[in-house]
Amino acid sequence: MIERVRTLAFTSNIDVPALRRGVRALLERAEIDRAASLLRAAEPAWAARCALALVDPELDASERAEHLDDCLMDARMASLRGMRALRAAATMASALGFIGAAYQIHWVFNGEHGILGLEAGRVENEGLAKALLSIAIGIATSSFALGSWTVLRKTASDRLVQCHRLVASVEDALGPDQ
């Protein structure tokens, strides 16, 4: 999860509207090399990497569309990386909490209690307290993982939308002949 947060909050994060205005202004003045330099400086942001595929002087015109598709696919895959595991952890945490509670209840009725059985109600109190704690930890862990998944999924989706907007803006500024 830490890698997800780092990727979405730092690696892929950039002020795309400001970058889009700057690149568009350079392209409207036909300064393609400076636009490429600006996009290269904004890497490793996903949006900059994808838009760079359209203006990179190192690429042939025939390679640009394929490279753009690869960059967009890489951004999409990077946005999805680790999200399934986080969602699975959210599902498993609550289930494991309830399994732990069932184990504690089983211990109350069938376990070896030793000296605890001498005090009336002590075994039941400890078993129920541990069962409730197990459920609480499971639900809290599940809630944290699900909340994190929700926030990270929205952030990843926003990064992809920004990526497509910047690419569309660069394509528009280059015109139909590019």
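Provided above is the structure to which this section pertains.
Residues numbered from 1 in each chain as written. Predicted model: local features only at pLDDT ≥ 70, side-chain atom pairs only at ≥ 80, totals over all residues. Heavy atoms only, no water.

Participant: What exactly am I supposed to notice about the nonpolar core here?
Facilitator: In summary, soluble globular proteins display a tendency toward joint burial of nonpolar side chains. Within the largest apolar cluster, 39 residues are counted, with the highest numbers of intra-cluster contacts made by Leu-27, Leu-39, Cys-50, Val-55, Leu-166 and Val-170. When residues of this core are traced back to their parent elements, those giving at least two are α2 (16-28), α3 (32-41), α4 (46-55), α5 (61-80), α6 (83-110) and α7 (122-174). Excluding residues that lie within four positions of it along the chain, Leu-39 makes contacts with Leu-19, Val-23, Ala-48, Ala-51, Leu-52, Val-55 and Leu-166. (Core = buried A, V, L, I, M, F, W, Y, C linked by side-chain atoms within 4.5 Å. Buried < 20%, exposed > 50% of the residue type's maximum accessible area, 1.4 Å probe, protein only. Helix = DSSP H or I, 4+ residues; strand = E, 2+ residues; numbered from the N terminus. Contact = heavy atoms within 4.5 Å.)

Participant: Looking at this structure, I do not really get the pattern of salt bridges. What am I missing?
Facilitator: Two side chains that carry opposite charge are able to pair once their charged atoms sit near each other. In total, this model carries eight salt bridges according to the counting rule given. Linking Arg-34 and Glu-31 is a salt bridge whose minimum nitrogen-to-oxygen distance equals 2.7 Å. Looking at Arg-34, the relative accessible area reads 52%, which means it is exposed. Owing to a relative accessible area of 22%, Glu-31 belongs among the partly exposed residues under this scheme. Each of Arg-24, Glu-28 and Asp-172 takes part in one network of salt bridges that share partners. (Salt bridge = Lys/Arg side-chain N within 4 Å of Asp/Glu carboxyl O.)

Participant: What am I meant to see in a negative patch on the surface here?
Facilitator: A surface patch of like charges, here negative, comprises Asp-60, Glu-63, Glu-66, Asp-69, Asp-70 and Asp-74. Looking at the secondary structure, you find Asp-74 in helix α5. (Patch = residues over 30% accessible without salt bridge, like charges linked within 9 Å, V, L, I, M, F, W, Y side chains within 5 Å. Areas by Shrake-Rupley, 256 points an atom, 1.4 Å probe, with all protein chains shown as cover. Lys, Arg positive; Asp, Glu negative; His and termini not counted. Charge placed at Lys NZ, Arg CZ, Asp CG, Glu CD.)

Participant: Any chance you could explain the packing of aromatic side chains here in plain terms?
Facilitator: Centre distance and the angle of the planes are the two values used to describe a pair of aromatic rings. Taken as a whole, this structure holds zero aromatic pairs when the rule is applied. Sitting over the face of the ring of Trp-149, Arg-87 holds its NZ or CZ atom 4.7 Å from the ring centroid. The ring of Trp-107 has Lys-130 lying over it, and the distance from NZ or CZ to the ring centre is 5.8 Å. (Phe/Tyr/Trp six-rings, centres within 6.5 Å; stacked < 30°, edge-to-face > 60°. Lys NZ or Arg CZ within 6 Å of the ring centre and 35° of its normal.)

Participant: Is there a simple way to explain the packing of α4 against α5 in this structure?
Facilitator: Working note: a packed helix pair is described by the angle between its axes plus the distance between those axes. Where α4 contacts α5, the axes come no closer than 8 Å and their chain directions differ by 170 degrees. One way to sum up the angle between α4 and α5 is to call them roughly antiparallel. Of the residues in α5, those touching α4 at Trp-46, Arg-49, Cys-50, Ala-53, Leu-54 and Val-55 are Arg-64, His-67, Leu-68, Cys-71, Leu-72, Ala-75, Ala-78 and Ser-79. Considering only residue class, the contact of α4 with α5 consists of 10 nonpolar, two polar and two charged. (Axes fitted to C-alpha atoms, helices over the stretch in contact; angles between N-to-C directions. Parallel < 35°, antiparallel > 145°, perpendicular 65-115°, else oblique. Nonpolar A, V, L, I, M, F, W, Y, C, P; charged D, E, K, R; others polar.)

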